[in-house]
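Listed below are the residues making up each chain.
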Amino acid sequence: KKNQKEKKLQHLNKNLESKVKAGVEEGKQKDKKILEQAKLARIGSMISMIAHQWRQPLSQLSAILMELETATRFKKVNDEHIFKAVEKSDEMIEFMSNTIDDFRNFYKPDKRKEEFFLSDSCKKAISIIEATLYNLNIELNVNVLEDKKIFGYPTEFSQVILNILSNAKDILVEKKISNPAINLTIQSKGTLGIIEIEDNAGGISKKNMELIFDPYFSTKDSSKGTGLGLYVSKLIVERNMGGELSVHNSDNGAVFKIITAG
């Protein structure tokens, strides 16, 4: 009887063990799938941001060509005019080419952890979205109270910052906020580095607050977002870097807070 009980227990243990293994594997596969889908969503938003970056140089190129055409038509064109136009055009084309390189490097995965300043990581993200915010008349205020050097994946961390800035931009546009603004503050307390990103879109409802970091939760319609961004951002900050990503409402709007260890 004792042997039977032991055998039964061993059988239950094996069963439980294989179920746990299957569960862990399923979780890994789910995260892999989610990261793949997030990658596709990111490509979509990246194309949109490149379009914003290119808007100004394209209109400048158009103006240069129009000027050349007018000068040629009225027989007022000379060598100096042409060389100047070519030089200006080359500058614009180089800027557009650099934009592509910046974006491509921005999404290259980090190979290993390294030390980096929070402000540098934020600057990287801002350089990607700056033109978009400018074109949408959204004011971005950056306040570095005290910078902090931390240990982690700088490119992935920049992607988190970009994602939060991008979400703030979307909600400001969606709610048609007059005088839209985003405030980014960097400070440190002891060994901790703290980044807060606040918008003035009025805040997140209690119902949405509980779901905001869930995969596939999105307040936008399906054509505009999958909701994966914040879930993946939480994975990067908390699982990959041992930090913490949270959100709360201020008097103005939503505040996303990242705490990282130095």
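Structure's up top.
Residues numbered from 1 in each chain as written. Predicted model: local features only at pLDDT ≥ 70, side-chain atom pairs only at ≥ 80, totals over all residues. Heavy atoms only, no water.

**Some details on the side chain of Asn163**
Item 1. Here Asn163 shows up in helix 4 (residues 154-174).
Item 2. For Asn163, a relative accessible area of 18% gives the class buried.
Item 3. Apart from residues no more than four positions distant in its own chain, Asn163 is found in contact with Gly229, Leu230 and Ser233. (Helix = DSSP H or I, 4+ residues; strand = E, 2+ residues; numbered from the N terminus. Buried < 20%, exposed > 50% of the residue type's maximum accessible area, 1.4 Å probe, protein only. Contact = heavy atoms within 4.5 Å.)

**Some points on helix 2 (residues 79-106)**
Residues spaced three or four apart along an α-helix point in a common direction, a consequence of the helix completing one turn every 3.6 residues.
Item 1. Taking 1.5 Å per residue, 28 residues should reach 40 Å; helix 2 reaches 40 Å between its end C-alpha atoms and fits that length.
Item 2. Within helix 2, burial applies to Ala85, Ser89, Met92, Met96, Thr99, Phe103 and Phe106. (Expected span 1.5 Å × (residues − 1).)

**Some details on the pairing of strand 4 (residues 181-189)**
Looking along a regular strand, one sees the side chains alternate between the two faces of the sheet.
Item 1. Summarising the sheet, strand 2 (residues 139-144) and strand 4 pair through six bridges and their orientation is parallel. Bridge pairing in strand 4 links Asn143 to Thr185.
Item 2. Relative to strand 5 (residues 192-199), strand 4 runs antiparallel, the two being bridged by eight bridges. What sits directly across from Gln187, in strand 5, is Ile194.
Item 3. Hairpin geometry of strand 4 and strand 5 is characterised by an intervening segment of two residues between the two adjacent antiparallel strands and by a positive phi of about 60° at Gly190. (Pairing = 2+ DSSP bridges.)

**Let's talk about a nonpolar patch on the surface**
Item 1. A surface patch of nonpolar side chains, amounting to about 270 Å² of accessible area, comprises Leu16, Val20 and Val24.
Item 2. On the secondary structure map, Leu16 appears in helix 1 (residues 2-73). (Patch = residues over 30% accessible without salt bridge, like charges linked within 9 Å, V, L, I, M, F, W, Y side chains within 5 Å. Areas by Shrake-Rupley, 256 points an atom, 1.4 Å probe, with all protein chains shown as cover. Salt bridge = Lys/Arg side-chain N within 4 Å of Asp/Glu carboxyl O.)

**Notes on unusual backbone geometry**
Both trends apply: most residues other than glycine have a negative phi, and most peptide bonds are in trans.
Item 1. Its identity is not glycine, yet Lys75 carries a phi of approximately 55°, on the positive side.
Item 2. Topologically, Lys75 is positioned in the loop between helix 1 and helix 2.
Item 3. Residue Lys75 is classed as exposed on the basis of its relative accessible area, which comes to 72%.
Item 4. The phi torsion at Lys176 lies on the positive side, around 50°, for a residue other than glycine.
Item 5. Mapped onto the elements of the fold, Lys176 is located in the loop between helix 4 and strand 4.
Item 6. Since its relative accessible area comes to 72%, Lys176 is described here as exposed.

**Looking at the pattern of salt bridges**
Where charged atoms from two side chains of opposite charge approach closely, those side chains can pair.
Item 1. Summed over all chains, the structure comprises six salt bridges.
Item 2. Of the charged contacts, one joins Lys149 and Glu115 as a salt bridge, the two residues approaching to 3.9 Å between their closest N and O atoms. Linking Lys149 in strand 3 (residues 149-152) with Glu115 in strand 1 (residues 114-117), this pair joins segments that are 34 residues apart in sequence.
Item 3. Classification of Lys149 by relative accessible area gives partly exposed; the value is 40%.
Item 4. Judged by relative accessible area, which is 53%, Glu115 ranks as exposed.

**Looking at the environment of Lys88**
Item 1. Inspection of the secondary structure assignment puts Lys88 in helix 2.
Item 2. It is 8.9 Å that separates the C-alpha atoms of Lys88 and Gln60, two residues lying 28 residues apart in sequence.

**What to know about a negative patch on the surface**
Item 1. A cluster of acidic residues, Glu87, Asp90, Glu91 and Glu94, forms a negative patch on the protein surface.
Item 2. Here Glu94 shows up in helix 2.
Item 3. The class of Glu94 is exposed, set by a relative accessible area of 51%. (Lys, Arg positive; Asp, Glu negative; His and termini not counted. Charge placed at Lys NZ, Arg CZ, Asp CG, Glu CD.)

**Notes on the nonpolar core**
Item 1. Ile161, Ile195, Phe256 and Ile258 are the most contacted members of the largest nonpolar core, which totals 47 residues.
Item 2. For this core, the element with the most residues is helix 4, which contributes eight residues.
Item 3. In this view, Ile195 contacts Leu118, Cys122, Phe157, Ile161, Leu184, Thr185, Ile186, Phe256, Lys257 and Ile258; residues no more than four positions away in its chain are not counted. (Core = buried A, V, L, I, M, F, W, Y, C linked by side-chain atoms within 4.5 Å.)

**Here we look at the pairing of strand 7 (residues 254-261)**
Item 1. Judged by how many residues are buried, strand 7 sits mostly within the fold: six of eight residues are covered.
Item 2. In this sheet, strand 7 lies alongside strand 5 in antiparallel orientation, the contact comprising seven bridges. Bridge assignment links Ile197 to a residue of strand 7, and that residue is Phe256.
Item 3. Of the strand pairs in this sheet, strand 6 (residues 244-249) and strand 7 are connected by six bridges, and their pairing is antiparallel. Counted as the bridge partner of Asn249 is Ala254 from strand 7.
Item 4. A loop of four residues connects strand 6 with strand 7, the two strands running antiparallel in sequence.

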